[in-house]
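So you can see what is in the structure, the chains are spelled out below.
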Amino acid sequence: MGILNAARRTALTLIDTSLRAKITAALVLVAASTSALSGFFAINASVSAMRREQQRESLIIAQTIASQTDELLGRTRVALQDLAADPVIATLDAARVRPILNTAATSAELLDGVVVADAKGRIVAMDAVPPETGGLLRPSPGALAPGLPSAAPGFSEVYRSVSGRWCFAVVERVRRRGAVVGEVAGIVALNRHTLGGLKRVRFGKTGHVIIMDGTGRVILHPNSRRFLQDIRGELPALVWSQSSGSMVYTNAEGSRQLAGFAHIPQSGWIVIASRTLSEAYGPSKRLALLLGVIFLACLLLAALLGAALAGGISRPIGRLVQGARELASGNLDERLERTSRDEIGVLIDSFNAMARRLSRMISQLNAFGYSVAHDLRAPARAVAVFSELVLRKNAALDQETRRELALVRDAGERMRGMLDGLLELSRISQVKLAPESADLSTIAGEVAAELAAGEPARAVKAVIAPGLADRADPRLVRILLKNLLDNAWKFTRSAPEPRVEFGRQAREGQPAYFVRDNGAGLDSALAGKLFMPFQRLPNAQGLPGLGLGLAAASHIVEAHGGAIWIESAGRGRGATVFFTLRAG
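Cut-offs and rules
Within every chain, residues take consecutive numbers counted from 1 along the sequence as written. Under the rules for a predicted model, residues below a pLDDT of 70 receive no local features and side-chain atom pairs below 80 are neither given nor counted, while totals for whole chains, interfaces and linings still include all residues. To get the side-chain values, all heavy atoms of the structure are used, and hydrogens and water are removed first. Here an angle of 0 to 180 degrees is reported between the N-to-C directions of two axes, which are lines fitted to C-alpha atoms, with helices fitted over the stretch in contact. Numbering goes from the N terminus for both helices and strands, where a helix is a DSSP run of H or I of at least four residues and a strand is a run of E of at least two. Geometric relationships in this document are graded by angle, where less than 35 degrees denotes roughly parallel, more than 145 denotes roughly antiparallel, 65 to 115 denotes roughly perpendicular, and other angles denote oblique. Left-handed is the label given to a crossing in which the near helix is rotated counterclockwise from the far helix by less than a right angle, and right-handed is the label when the rotation is clockwise. Should any heavy atoms of two residues lie within 4.5 Å, those residues are considered in contact. Under the scheme applied here, ten amino acids are nonpolar (Ala, Val, Leu, Ile, Met, Phe, Trp, Tyr, Cys and Pro), four are charged (Asp, Glu, Lys and Arg), and all others, including Gly, are polar. Two strands pair under a simple rule: DSSP has to find at least two bridges between them. Classification of residues uses two cut-offs on accessible area relative to the type maximum, computed with a 1.4 Å probe and protein chains only: under 20% is buried, over 50% is exposed, and between them is partly exposed.

## Describing the packing of helix α10 (residues 440-454) against helix α11 (residues 474-490)
Two quantities define a packed helix pair, namely the angle between the helix axes and the distance between the axes.
So, step 1. In the contact formed by α10 and α11, the axes pass within 9 Å of each other and the chain directions differ by 45°. Between α10 and α11, the crossing angle belongs to the class labelled oblique. Where α10 crosses over α11, the handedness of that crossing is right-handed. Contacts from L440, I443, A444, E446, V447, A448, E450, L451 and A452 in α10 reach P474, V477, R478, L481, K482, L485, D486 and W489 in α11.
So, step 2. Its residues placed into classes, the contact of α10 with α11 shows 12 nonpolar, no polar and five charged.

Pasting the structure below:
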């Protein structure tokens, strides 16, 4: 849940951030996802390939040794079969048999001694090779051959000979006229000659060869303490169910091993070519680390390229946004420099053309409005002044005529006030923003003090939140707050305990300033119309004002790039004007 919440917060942050950040994030995410996917498969495939190669190498070593050993044992057995078929051997005459055995013992590649025994297992003859040159059996003729099987031909179990060496025998039957009369046994010392050399085989730093018999006993191991130990519990079952393969197992020392194994058909033994897993898989781990570093470097490069591409897209768009803000703030001379010939360049040209046209139109409109307001101001003043003069100089006028002249005078004064308001609104619309740090709380407090001094008989409670500041034009902010607070002041005339409040609160996730009163209130259907010039509430009759305050406030807020709106629970329940000074 924590990861999901973090992802949700990140997504919401990206939604609310700038276009450049969104484009950068999108490009980086595309690059990262593509790189991560391809990098994962590449690293996984490379590591798997290297590990398969290490397994294959161990298997090849085991198969090679098993094949060579099987071939050697096969040649030895064939030699003993030929020896057992010799008619001289079948005579069991020691004098005639011994020379043949001497020749066989010295010429055979694997044999360390040859013995001929009768059908009861008594030694008839043995080779004369002395112990120091390889002879192993030195019992006297007629003694039983210890450890030699008398039942079936083949390979005996490992046994200790009378000379103290660990050996096994290759046994073949001796027949005379079809009947078994004895046996010939070739004695092989495990730690001598070719077989003994296998325990010194090394590959890598920890690689070694193990040979065990069909029962799981170790008969060859570089560690002599493991000789004749049963290691079936260390090995997986596939060692006995398959003729060859690779495996990972944990030996008696607790070391994880990667091994290849292969069976020797002649003897039923199993060759295991083993080394530590850390050494075997070390290259693949280093490769994974190298590929991971390369992947991260590629990802960083993709991020940098994404940021560069995003900057190339977002910078001109940012200039367009800034230019639009300048236009909105009243800077009609804002123009943008075209830096590319793509669609954004065309958009910049269109923006500049729009800005020039808008500047001409607004200049013409302002000139027209100012001219009309200024030119009508004098006739309106003349109507009011001359109506007043007529009333003063003609005391004999009847009551009805005096009433009508008073209406003309009041209408002239009202028209002059409206024209003054239009001129003021026109001047505000032409003011260029000069934003700086503005202390809104201080300004609101000063405006409230002025309003209270203007009506000392009223006890209006003004609540100003302290410490509210923003970047804005202080002159326009003063006009904004004066209009809003003045409206609130006016509409609390009928409230028994009038209260006006200025503060800030979150609205739709954004901080918004507000001016709240507990006065007359309004219908929500009228709220949007009050920001048009000369629009007044029906319950505002008899209150001073021309309906231009909210229009001026709306213009000032929009010039700052913000928004303004009114909320009310209904008539008699007060109203709140919210505004922001920057676009959300």
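## Focus on the sheet that holds strand β17 (residues 564-567)
So, step 1. In spatial order, the strands read β13-β15-β16-β18-β17; together these five strands make up an open sheet with mixed pairing. The outermost strands of the open sheet, each flanked by one partner alone, are β13 (461-464) and β17. The average angle at which neighbouring strand axes cross in this sheet is 25°, direction not considered.
So, step 2. Where β17 and strand β18 (residues 575-579) come together, four bridges link them in antiparallel fashion. Counted as the bridge partner of I566 is V577 from β18.
So, step 3. Sheet contacts for α10: β13, β15 (499-507) and β16 (510-517); angle to β13, the most-contacted strand, approximately 170°.

## Brief notes about the sheet that holds strand β7 (residues 208-212)
So, step 1. Judged by pairing direction, the sheet is antiparallel, and its five strands sit side by side in the order β8-β7-β11-β10-β9 without closing on themselves. The open sheet has two free edges, formed respectively by β8 (218-220) and β9 (244-250), since each of these has just one partner strand. Strand after strand, the sheet turns through a mean of 35° between neighbouring axes, direction not considered.
So, step 2. Where strand β10 (residues 256-264) and strand β11 (residues 269-276) come together, eight bridges link them in antiparallel fashion. Residue pairing across strands places F261 opposite I272, the latter belonging to β11.

## Let's talk about the environment of L347
So, step 1. With respect to the helices, strands and loops of the structure, L347 is situated in helix α8 (residues 343-393).
So, step 2. Judged by its relative accessible area of 46%, L347 falls in the partly exposed class.
So, step 3. As a C-alpha pair, L347 and P316 span 31 residues in sequence and 9.6 Å in three-dimensional space.

## A short note on the packing of α11 against helix α12 (residues 549-559)
So, step 1. At a minimum axis distance of 9 Å, the contact between α11 and α12 shows a crossing angle of 145°. As α11 runs across α12, the sense of the crossing is left-handed. Touching L476, I479, L480, N483, L484 and N487 of α11 are G549, L550, A552, A553, I556 and V557, all from α12.
So, step 2. Here the contact of α11 with α12 is built from residues that sort into nine nonpolar, three polar and no charged.

Taken by themselves, the reported measurements are silent on function.
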